[in-house]
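In case you want the letters, here they are:
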Amino acid sequence: MQGKRGLIMGVANDHSIAWGIAKTLAQHGAELAFTYQGEALGKRVAPLAQSLGSELVIPCDVEDIASVDAVFETLDRTWDGLDFVVHAIGFSDKSQLKGSYVDVTTRENFSRTMVISCFSFTEIAQRAAKRMRNGGSLLTLTYGGSTRVMPNYNVMGVAKAALEASMRYIASDLGPKGIRCNAISAGPVRTLAGAGISDARLMFTYQKAHAPLRRTVTIEDIGGSALYLLSDLSNGVTGEIHYVDSGYNIISMPRPDVLKA
Ligand code: NAD
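Model, not experiment: these values are computed from the prediction.

**Q** How should the UniProt feature "active site" (unreviewed entry) in the protein be read in this particular structure?
**A** Here, the residues flagged by UniProt with the feature "active site" (unreviewed entry) are Tyr-143 and Tyr-153. Tracing the backbone through its elements, the reader meets Tyr-143 in the loop between strand E5 (136–142) and helix H6 (154–174). Exposure remark for Tyr-143: the 26 C-beta atoms within 10 Å place this residue in the buried category. Apart from residues no more than four positions distant in its own chain, Tyr-143 is found in contact with Lys-160, Ser-185 and Ala-186. If you trace the backbone, Tyr-153 turns up in the loop between E5 and H6.

See below:
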């Protein structure tokens, strides 16, 4: 990643998936800028960024498009181009991440979840692509609840399905410019966002018991796969959903030995 510059969006603390990705990229020589949502998180993100040698730490709330524009204007003052972006942003009202999707979901939260967790990636891609003069790589984070029903994931699953579809459209539109766009579908990780889903602990235990690797994934596991997708090692790969979930997605039923126990 020597000589490559990229924007990391979605670090809340040192448990964040975006932080696992940032650490790996920095270890491999990438130059990084970070965004943070709100002053309270900024106080956590600034020292983390500094520990990786980054002074570019910019506020951004994707619900406010002016703040997204301001991020890229700040980057323009320091960098003359951009090589990659990591979009690790998701939000939905916690009270709707439990119970029956069809009963609990409101129009207001549906729209808000979609704007923050899905459409923000398109708005960021629009702006990033203009700065990617020698091609580039865009990466977002998704979850298997997009294609299969996971209890309580509810409207987030719907937003992730839309995010995955938009990832493919972005890959198709920007491919001719040498800009690639991919998603990592991560297994459950204990993060702030992950904790918002009801019974997250149960999902964690279940996946650990049934995934082929018999463990959940770490943010460092995700960092390794992100390094591949953001570097020239994956130059022929775009529009892909790359599963980093200990293989859980290939399993169709619980282990017989667990069921019989
Ligand atoms: P996290 O809480 O550490 O990160 C979520 C980030 O989204 C935070 O930094 C938060 O500030 C940011 N965010 C939320 N609303 C925002 C807004 N309006 N503007 C700007 N930023 C906003 O949790 P995480 O698990 O690292 O989540 C990162 C991504 O990974 C999310 O898209 C999440 O859905 C996805 N993911 C998480 C898991 C998991 O189990 N934790 C699994 C698969 C995918």
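Right, picking up where we left off after that structure.
**Q** I'm lost on the nonpolar core in this one. Help?
**A** Here is a general trend for soluble globular proteins: nonpolar side chains tend to be buried in one another's company. Ile-8, Met-9, Val-11 and Ala-18 are the most contacted members of the largest nonpolar core, which has 68 residues in total. The residues touching Ile-8, leaving out its near neighbours within four places in the chain, are Ala-18, Ile-21, Ala-22, Leu-32, Phe-34 and Val-86.

**Q** What's the story with the sheet that holds strand E2 (residues 31–36) in this structure? I'm lost.
**A** The strands making up a sheet are joined through hydrogen bonds of the backbone, oriented either antiparallel or parallel. The strand order across the open sheet formed by seven strands is E3-E2-E1-E4-E5-E6-E7, and the pairing between neighbours is parallel. Each of the sheet's edge strands pairs with one partner strand only, and the pair in question is strand E3 (57–59) and strand E7 (241–244). Going from strand to strand, the sheet's axes swing by 20 degrees on average, the running direction of each strand aside. Bridge analysis of strand E6 (residues 179–186) against E7 gives four bridges, and the strand direction is parallel. Looking at E7, one finds that Ala-186 is bridged to Val-244. Strands in contact with helix H9 (residues 219–230) are strand E1 (5–9), strand E4 (84–87), E5, E6 and E7; relative to E6, the strand with the most contacts, it is inclined by about 165 degrees.

The rules behind the values
- Residues numbered from 1 in each chain as written.
- Predicted model: local features only at pLDDT ≥ 70, side-chain atom pairs only at ≥ 80, totals over all residues.
- UniProt positions renumbered as here; feature names shortened; annotations may be inferred.
- Helix = DSSP H or I, 4+ residues; strand = E, 2+ residues; numbered from the N terminus.
- Buried ≥ 20, exposed ≤ 12 C-beta atoms within 10 Å, placed from the backbone.
- Contact = placed C-beta atoms within 7 Å.
- Core = buried A, V, L, I, M, F, W, Y, C linked by C-beta atoms within 7 Å.
- Pairing = 2+ DSSP bridges.
- Axes fitted to C-alpha atoms, helices over the stretch in contact; angles between N-to-C directions.

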